[in-house]
Structure formats: C-alpha cells, structure tokens
Amino acid sequence: MSNPQPSAPPTVQEFSIRVPKNVRKKYHVMRFNSATNTDFSKWTQVKMERENNAKEFSRHDDEQPKFGAGSEYGREAREEARRKKFGIITRKYKPEDQPWILKVNGKAGRKFKGIREGGVGDNASYYVFTHAADGGIEAYPLCEWYNFQAIQRYKALSAEEAEQEFGRRNKVMNYFSLMLRKRLKNEDDGEGEEIDEGKPKKGKKSSDFKISEMDEWIDSDDDSSNDEGEDGEKAEKKTTNKKKPPAKKAKKKKGSDESAMEESDDGDEEGRELDYISDSSESDSDKDQKAVKEMKGVEEESALRKLLTSDEDEDEEEEKKEEAGKEDAKKDGKEAADKTDAKDNNSKEKDSKKRKRPKKKAVDKKKPADGSTSDSSSASSDSEVEKAAKESGNNSATGSRAGTPVEKPKKNNGSPSTKKSRMDHQAPMLSYGGDNGITEEAVRRYLMRKPMTATELLQKFKGRKTGLSSDQLVNVMTQILKKINPVKQTIKNKMYLSIKPQ
Amino acid sequence: MSNPSPHVDRDLDLSNCNRGVWLVKVPKYISNKWDKAPGNIEVGKLRISKPSGPKSRTQVSLTLSESVLCLKEPKEKSIPKEHKLDVSMVTRQTLGVFSHYVPPANSDAIVPESEKLCFEGKIEQKLECHPNADDTYMQLKFESIRKACQPVRQVKQLERIVQNFKPVSDHKHNIEYEEKKKAEGKKARDDKDVVLEMIFAAFEKHQYYNIKDLVTKTRQPVVYLKEILKEVCNYNLKNPHKNMWELKPEYRHYKEPENQASGSDAQ
C-alpha cells in the first residue's frame, strides 16, 4: 500500500474505503520514543496487561474485617455517608483506565508502561488505514493514544544513598593500600601469637581486651596505691589521711581497680576451676540450693574479670607477686573471710571496701577457710590456694598460672568445703584456646545474658583469637553445649539457647 | 468492568507485526459522517496518482462517496467532497497500532470469550487530510464560526416576575415514608426468646451494632430492646466502636479469630 506498483507514467490507483463497524474492537496507538529502538518485527512473546492500582486506590481501612469478629454492621455505608458530608465523592476503580504494562520477549526482555495521552483527538480524528482482503481499504478509528515508556529494571538510589556512593568514589583507588595494610596486620598478629605461645596461657589477651590505653596506666598506678594501702593497713590505719585517697580512687575507677585487684587472684581463679574437678565427684545436696544462688555471682565476677584484665597488668602482677606474694595471699584470705561474714556474692564495691578492713580478722578466718568444712565463699578457696601454694614453698609463682599445677593436687587433697560443693552438679569447666578462647564459663555467660542461636554464639568466639580453626571451634562448642545443656526454645524457626539466671 | 479479571497478562497477537499501516488524520466533520455510515458501504475513495515526472511527488486524494455526503441532518451544511492528503513520514518516534477486543458483557456463550489484544501493524506514514478550499468548505467554516461566536448566555428581558419554585406543603418522600411506616405498624414487643434469637443471629454476622440498626433488624421498641441487650451485650463507650453494642464474652463465638488466637497461643 505504501508502495504503489510502479507502472505506466501517470498511474492512478483507486481504493475504496470502508469503515467496518465493530463496537467491541477498539483500536489504539502505541507510541514509543525512537530512543527505545523498538522494532515491532523483532517482537516475539509479547504480553500486555493493565497495571493493577486497585490497592493504592482503595487504601483506606481495608484491614478491618467485613464480617465476623471485629466487624461493624453497616460501617462502610456509614463511612461513605460521612465522607459525602465532607464533600468527598469516591470514584469507582476503573481497571480499563489504568496504564498498560507491556512485556516484550518474555521475562528477561524489556518492560514498558503505556500511559494514556489526552488531547490528541480533540480537534481532529485519526483513522488507521489497512488493506482489506478484497483490495480495498479499511479505516478504523483510533480511540486512545498510549505513550509507552521503558520501565527501569533497577532501583534508583535515594538521595542519601547517592550521597554515600558519591563519597565512596575515590575509595576504589585505595584497594591496594588496603590489602597491604591488611597483610601487614596479619603478619603482626602472627608475631604476636608466637610471642604469646612462649608466655603463659593468658598472654594472648593483650591485644584483645584492652579497654583503653589508660587502663594500663591506671592499673599500674592503682597497684602501687593498693600496696600503699596495704602498708597502711599493716600500720593499723594510723595514717588515715594517706590511705583515703587511694581508696577513693579505687571507687572512682572501679573497673580498673577491680582488674587490678582481681588480678591478684586470677591465678587462683584458675585454681578454683580445677577445684571443681575435684569436687565434681563429691556431692553435697543439702547446700545445692544455695550454691545455685551464688553461682551466678561468681560467674559474673569472673566474666567481668575477664573483660577487664589485660596482659600488662598480669605481667606486672606476676612480678609483684613474686615480690609480695605473701601480702597478696593475705589479702585474699581477708577477702574470703569478709565474704564469709557477709555471705554475699562477690559484689565489687564490697571487695574494694573489704580491702580497707583490718587485717587481723582475715588472719583469724583464714585458717578455718583453709581446708575445713566451714561455709566459706568461693573466694575462700582462692585464699586457700594461695596459702597452700605458699605453704608448699612455691610462693614465687603462686598467683600466676604456672602455679596452678602445683596447687591442684593440694586442692584435691583438701576436704570438701561446702562452697566447692555448690559446683558439684557441674562438670569440670571446659576451656580451650586460653582464656580468650572458648570456655564453658564464657559460653554460660553469653547464654545467661540473652538467648542466642548456636551460630550467634559461634560468632562471638570467632572474633576472638582462639587459635582454633572454625571446625575445631564448632566441635568445642558442641561439647560445651552438651555439658551445659541450656534451655532450648524455638523462635521463628531458630533454636535459641539460653540459661535461666539462677 | 465486563471482564472479571482485567489485570491478567494477555498475549499480544503478533501475526500482523510486519504489516505497515497508515495513520490518517481527518477533520471532525468527516469522522462524524463516517461514524454514522454503516460498515458495509463505501465511504470514500482513495486515489493515489503518481505523475510521470521525476521530480513530482505522489499525490493522494480522498473523495467522499455520495452516500456519505447525503447522511446529514436537515439543517446541516454540506461538507466538501474532495480532500487532499499530505503524506509525511513518522520521525523521532515509533508508532504502532493495537486493537483491544472486549467481549460483550452479557454474552450467552458457554465458553465466555476473553479479551483479545492484537497488534495491528506499524504506522509507516502519516497522512493529513486537507479539504480543498472551495465554496462548500467556506460555507462550512462560516457556519462553524458563526456558531462559535454565539454566546452561551444571553440577556433576555422579562415581562413578569418569574417564580421559580412553589412552596410544597408535604414533600413527596415524606409522604412515602409516612405511608411506609403506617403500613409497617407499631413495633410490638415480641417474645424475649424470639428477640434474643434475632439478636444472636445478627451478631453472628458482625460483632458491633448500633442500636438503630438493631431496632430496624429486630423491629422491637427501643426500650424493650435495650432491656434485653443489657443482659447479653456490652455497650462500648469508647473508640473504636463507640456507641455500639457487642455480645458479652460468654455469649461470643466467633470461629475464625478464635482459631487464630489459639494458633498464636500454640506458637
């Protein structure tokens, strides 16, 4: 039709035009921008649908039930009347007024949205002329014009996101240096670990749990002040003026003070752990209830201890202990004695206060605590350890880890104190990869704080430098979990483990 | 509206995708005629003449048929017969034509026809229809201009006072309403069990009812109904569902939400 046949010079072709009437069939124009490079002949598999805007259209209170519970009789009619009162006339949703969605070439192909255009046929009418079978022309009126635009298949960034990406524009260049830095860091860590291996178990902590640089400094300061305080104590509080400042300080810098103070029985704690091994075989059911109560306190304390101790302190502590092992031991004993008095679980303030108390008492109580059946606190066992170690003449390394093996047999020999027995329902603590690593205690601590999944739990330990591969980690974790046997509950298809704080 | 599911993917029939079609712009007066013309007659003739000269262009003209020209109302002006068509190419855009077939809403067919979408072809050329500026056309234009000049509102002098409304003693709908009420008669106190039955039946469908609705539903005097409602229902004084009655919990039995509740409890 567009190319009339070329024939003899003045060619005249005549076509008769008809206007077939089919009310049901409407013709529309689809308009594409040439930038979209639409080629109709290359179309395969094209689908069209009306965009569904029904949801946006009828957004108001659809959540209310139409019938049954919670439904109001005649609510919709009333709402409608109310709206009418305010002059809002709701229009019905017309699906045939919605834009077309055109999908070309299946799922992976392009997508267009055709929006109806107005005003095209205001002053003139448009017809489409097509060839009829009999050589004539059929003219169909065109009703609507739809402007088809490509739909973005990706999501545009919001202003904030765009800003963020823009800020990142130079970062790409830094990948090399980033990698370099990472590698260097790795090497450093490796060295550090090597050094750590040489050290006693706790050495690894140095890089991990340092709250701030200040801690180190404060600790050392505190230690000295504590010593002073103790000296003062020895002098039966004669120099009260001198003694008070350190005490205040201790209260103020509670955390650091604790770490410093607890440091002294850090090794003892280890001893205590071992102590449980010996006690696990024994049973003392009548005290169980109380034991359960106090256990939490003990663990919390130890948890804090872990968080707060740092390697440097320890080293210092060790040195100090070598010098003043006796003093420490006495101090511990005193603490223990105080605890027995107060029957309190180990609250930190108390500890720090206790320090100032006269020493005589401690000395009195130390003896019963040592290897007797009196109802002494857990700390008493510490003192016991200390003392035992001292007695064995090993006082240079009593506080440190190195002393523990020596202590252990002693402990085992020790008669079953009730405090020990409160742990008797508990199997020996498992600990791997040093104190940084997975310990049963640490796991308990986490579980006690809040319920978490096994993966979350693993994640907690992955961050630490346990020196274990992830496989090993999982193995260890399963063992520990078996031992602890936490409460399991399933929330949203995930099993959460927890321990009820007792 | 005729189609229950308008938002369904439909395949576009692409059998005509290689066909080229013409887009013809015609004046409104022609399209009016063509709309009226029956589908089987010839409404016009398209003449394509190609002069022999190398420089001359193809000329397309449209001649309306006599039958179409005759289709006119008594006072209508006649329209020009001969038209020239300007041919131009489609630039900067791609135009296609598709048809949308909507089956009749109340078709008696056993298998209801679905909507059909068909691609009708690509528009290759645009043609614009110009009438030859002859006498008939001028007459037509003159008439249309004259019509356009006539103001819609005109000043009219009145001789008498125009009373545009009469007072009505009783409006029609009032009368109707009164009659209906009379026919219904007074609301009589029914047996209490019967009323309770009705109330429960109503509350099975919805949880909250206004007293007015319950009165119309049960056709009981308000006082009597309230008496009964107080026994089995609670009156909500606060939003949401303010001023509405709902069954007391012990009488309630809504299946669905109860199941849901128990389900959530189980979890």
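Everything numeric here is computed off the predicted structure, so don't read it as measured data.

### Points about the overall build of chain A
(1) Moving on: Helix and strand counts for chain A stand at 19 helices and 11 strands.
(2) Moving on: The burial tally for chain A puts 33% of its 502 residues in the buried class.

### What about the overall build of chain B?
(1) Moving on: Helix and strand counts for chain B come out as eight helices and 10 strands.
(2) Moving on: Within chain B, the proportion of its 267 residues that are buried is 20%.
(3) Moving on: Contacts in chain B between residues far apart in sequence, at least 24 positions, make up 62% of those at least 6 positions apart.

### A word on the nonpolar core
(1) Moving on: Counting residues in hydrophobic clusters, the biggest one holds 47 residues, and the most contacted among them are Y127(A), V128(A), F129(A) and V24(B).
(2) Moving on: Residues within four places of V24(B) in sequence aside, it is in contact with Y126(A), Y127(A), F129(A), L127(B) and C129(B).

### Thoughts on helix α4 (residues 172-184) of chain B
Residues and elements named next belong to chain B.
(1) Moving on: Taking 1.5 Å as the rise per residue, α4 with 13 residues should run 18 Å; its terminal C-alpha atoms sit 19 Å apart, in good agreement.
(2) Moving on: A small share of α4 lies buried, amounting to zero of its 13 residues.
(3) Moving on: Directly after α4, the chain includes G185, whose backbone phi takes a positive value near 85°.

### Quick look at the pairing of strand β6 (residues 111-117) of chain A
Look at any regular strand and the pattern is simple: side chains alternate between the two faces of the sheet.
Residue and element names in this part refer to chain A.
(1) Moving on: Here strand β5 (residues 100-103) runs beside β6; their pairing, made up of four bridges, is antiparallel. Residue pairing across strands places I101 opposite K113, the latter belonging to β6.
(2) Moving on: Inspection of the sheet shows β6 paired to strand β8 (residues 137-150) by six bridges, in the antiparallel sense. Directly across from G114, in β8, lies its bridge partner F148.

### Focus: the interface of chain A and chain B
(1) Moving on: Chain A puts 55 residues into the contact, and the matching count from chain B is 67 residues.
(2) Moving on: Broken down by secondary-structure element, the contributors of at least two residues to the side of chain A that touches chain B are β1 (11-18), β2 (25-33), β3 (47-50), β4 (68-72), β7 (124-131) and β8 of chain A.
(3) Moving on: Looking at the side of chain A that touches chain B element by element, the count peaks at nine residues for β2(A).
(4) Moving on: Across the side of chain A that touches chain B, the residue classes break down as 27 nonpolar, 16 polar and 12 charged.
(5) Moving on: By the bridge criterion, two bridges tie β3(A) to strand β1 (residues 10-13) of chain B in an arrangement that is antiparallel. Paired with M48(A) across the bridge in β1(B) is R10(B).

### Quick word on unusual backbone geometry
Residues and elements named next belong to chain B.
(1) Moving on: That bond from N239 to P240 is cis: its omega, -10°, falls within 30 degrees of zero.
(2) Moving on: Tracing the backbone through its elements, the reader meets P240 in the loop between β9 (233-236) and β10 (244-247).
(3) Moving on: If you check the backbone angles, R92 has positive phi at about 60° while not being a glycine.
(4) Moving on: Position of R92 among the secondary structure elements: in the loop between β5 (82-89) and β6 (93-101).
(5) Moving on: R92 gets classed as exposed once you count the C-beta atoms within 10 Å, which come to 7.

### A few points about the sheet that holds strand β9 (residues 452-453) of chain A
Residues and elements named next belong to chain A.
(1) Moving on: Strand order across the open sheet formed by three strands is β9-β11-β10, with antiparallel pairing between neighbours. What marks the edges here is a single partner per strand, and that holds for β9 and β10 (487-491).
(2) Moving on: Taken together, the two bridges between β9 and strand β11 (residues 494-498) define a ladder with antiparallel strand orientation. Residue pairing for β11: M452 is matched across the bridge by L497.

### Focus: the packing of helix α17 (residues 440-449) of chain A against helix α19 (residues 470-484) of chain A
Angle between the axes and distance between the axes: these two values describe a pair of packed helices.
All names here are of chain A.
(1) Moving on: As a packed pair, α17 and α19 sit with axes 10 Å apart at the nearest point and diverge in direction by 70°. Here α17 is positioned roughly perpendicular relative to α19, judged by the angle of their axes. Crossing of α17 over α19 shows right-handed handedness. For the pair α17 and α19, the contacting residues are E440, V443 and R444 in the first and I480, K483 and I484 in the second.
(2) Moving on: Taken together, the residues of the contact of α17 with α19 sort by class into three nonpolar, no polar and three charged.

### Some details on the confidence of the model for chain A
Residues and elements named next belong to chain A.
(1) Moving on: Per-chain confidence: chain A averages 63 in pLDDT, with 44% of residues scoring 70 or above.
(2) Moving on: Low confidence marks residues 277-287, where pLDDT is under 50. Its contacts with residues over four positions away, or in another chain, come to 22 contacts.
(3) Moving on: Contacts for the low-pLDDT stretch residues 333-429, under 50 throughout, to residues beyond four places or in other chains number 206 contacts.

### Observations concerning the environment of L95(B)
(1) Moving on: On the secondary structure map, L95(B) appears in strand β6.
(2) Moving on: Considering only alpha carbons, one finds L95(B) and Q125(B), 30 residues apart in sequence, at a separation of 9.8 Å.
(3) Moving on: Once you skip the residues sitting within four places of it in the chain, L95(B) turns out to touch V29(A), R31(A), L23(B), V90(B) and I123(B).

Each value, and the rule that gives it
Residues numbered from 1 in each chain as written. Chains lettered and ligands numbered in written order. Predicted model: local features only at pLDDT ≥ 70, side-chain atom pairs only at ≥ 80, totals over all residues. Helix = DSSP H or I, 4+ residues; strand = E, 2+ residues; numbered from the N terminus. Buried ≥ 20, exposed ≤ 12 C-beta atoms within 10 Å, placed from the backbone. Contact = placed C-beta atoms within 7 Å. Core = buried A, V, L, I, M, F, W, Y, C linked by C-beta atoms within 7 Å. Expected span 1.5 Å × (residues − 1). Pairing = 2+ DSSP bridges. Nonpolar A, V, L, I, M, F, W, Y, C, P; charged D, E, K, R; others polar. Axes fitted to C-alpha atoms, helices over the stretch in contact; angles between N-to-C directions. Parallel < 35°, antiparallel > 145°, perpendicular 65-115°, else oblique. Left-handed = near helix turned anticlockwise from the far one by under 90°. pLDDT = per-residue confidence, 0-100.

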